[in-house]
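# Examination of the molecular architecture
The lines below spell out each chain.
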Amino acid sequence: MERKILIENFWKVGKNGDRNLYEEDLGWSDSCCKAARSNYSEYVFRYWVEEVGLNILFYWVEDKRFYTIQTERDPVEVRRINLNPNWDGECELTKAGSDLGPTTASEGEIIQTFDDLTEIWSNLSINNVPLEKVLEHSVIIEMD
């Protein structure tokens, strides 16, 4: 079966020289699902965000933008990150405020806030698309 390339040269630093983003790279990784003991997107999200409390950085292929869900903020912030044409392909959310990560020097634009982590799954939509559909069509780059 041939792998479907979604974006050529997406990663500036690829695995074994392969810098393309593939369809199979979208959504939750097998290791995320295994740790959450579920393949159901809502359960995986609730495990990693609500129970473990991780921040998430993802790239939504539909609008070609990066987003973060920053759980350590009070209230929790969901940000649309401005693109950095000089991104070096490293995937560290901790670099989100620098020009070394997939951002501009700004922290991006807050698109929504939440007082409670349990509100995110049901109430977050981006461009009127529910979070479940957004994550299905996103590469989840970093969780920390």
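Residues numbered from 1 in each chain as written. Predicted model: local features only at pLDDT ≥ 70, side-chain atom pairs only at ≥ 80, totals over all residues. Heavy atoms only, no water.

### Observations concerning a negative patch on the surface
Together, D74, D115, D116 and E119 give the surface a local cluster of negative charge. Along the chain, D74 turns up in the loop between β4 (65-70) and β5 (76-81). Exposure remark for D74: the relative accessible area of 74% places this residue in the exposed category. (Patch = residues over 30% accessible without salt bridge, like charges linked within 9 Å, V, L, I, M, F, W, Y side chains within 5 Å. Areas by Shrake-Rupley, 256 points an atom, 1.4 Å probe, with all protein chains shown as cover. Salt bridge = Lys/Arg side-chain N within 4 Å of Asp/Glu carboxyl O. Lys, Arg positive; Asp, Glu negative; His and termini not counted. Charge placed at Lys NZ, Arg CZ, Asp CG, Glu CD. Helix = DSSP H or I, 4+ residues; strand = E, 2+ residues; numbered from the N terminus. Buried < 20%, exposed > 50% of the residue type's maximum accessible area, 1.4 Å probe, protein only.)

### A word on the state of the cysteines
Counted by the stated rule, this structure contains zero disulfides. Cysteine C32 remains unbridged, with the sulfur of C33 as its closest cysteine sulfur at 6.8 Å. Residue classification places C32 among the buried positions, given a relative accessible area of 12%. Judged by its relative accessible area of 10%, C33 is buried. (Disulfide = S-S within 2.5 Å.)

### Concerning the environment of Y40
Looking at the element boundaries, Y40 is found in the loop between α1 (30-36) and α2 (41-51). Sequence separation between Y40 and E132 is 92 residues; the distance between their C-alpha atoms is 9.9 Å.

### Some details on the side chain of N20
Position of N20 relative to the elements: it lies in the loop between β1 (5-7) and β2 (21-22). On the basis of relative accessible area, N20 is assigned to the buried category, the value being 17%. When sequence neighbours within four positions are dropped, the list of residues in contact with N20 reads I5, I7, E8, N9, F10, W11 and D25. (Contact = heavy atoms within 4.5 Å.)

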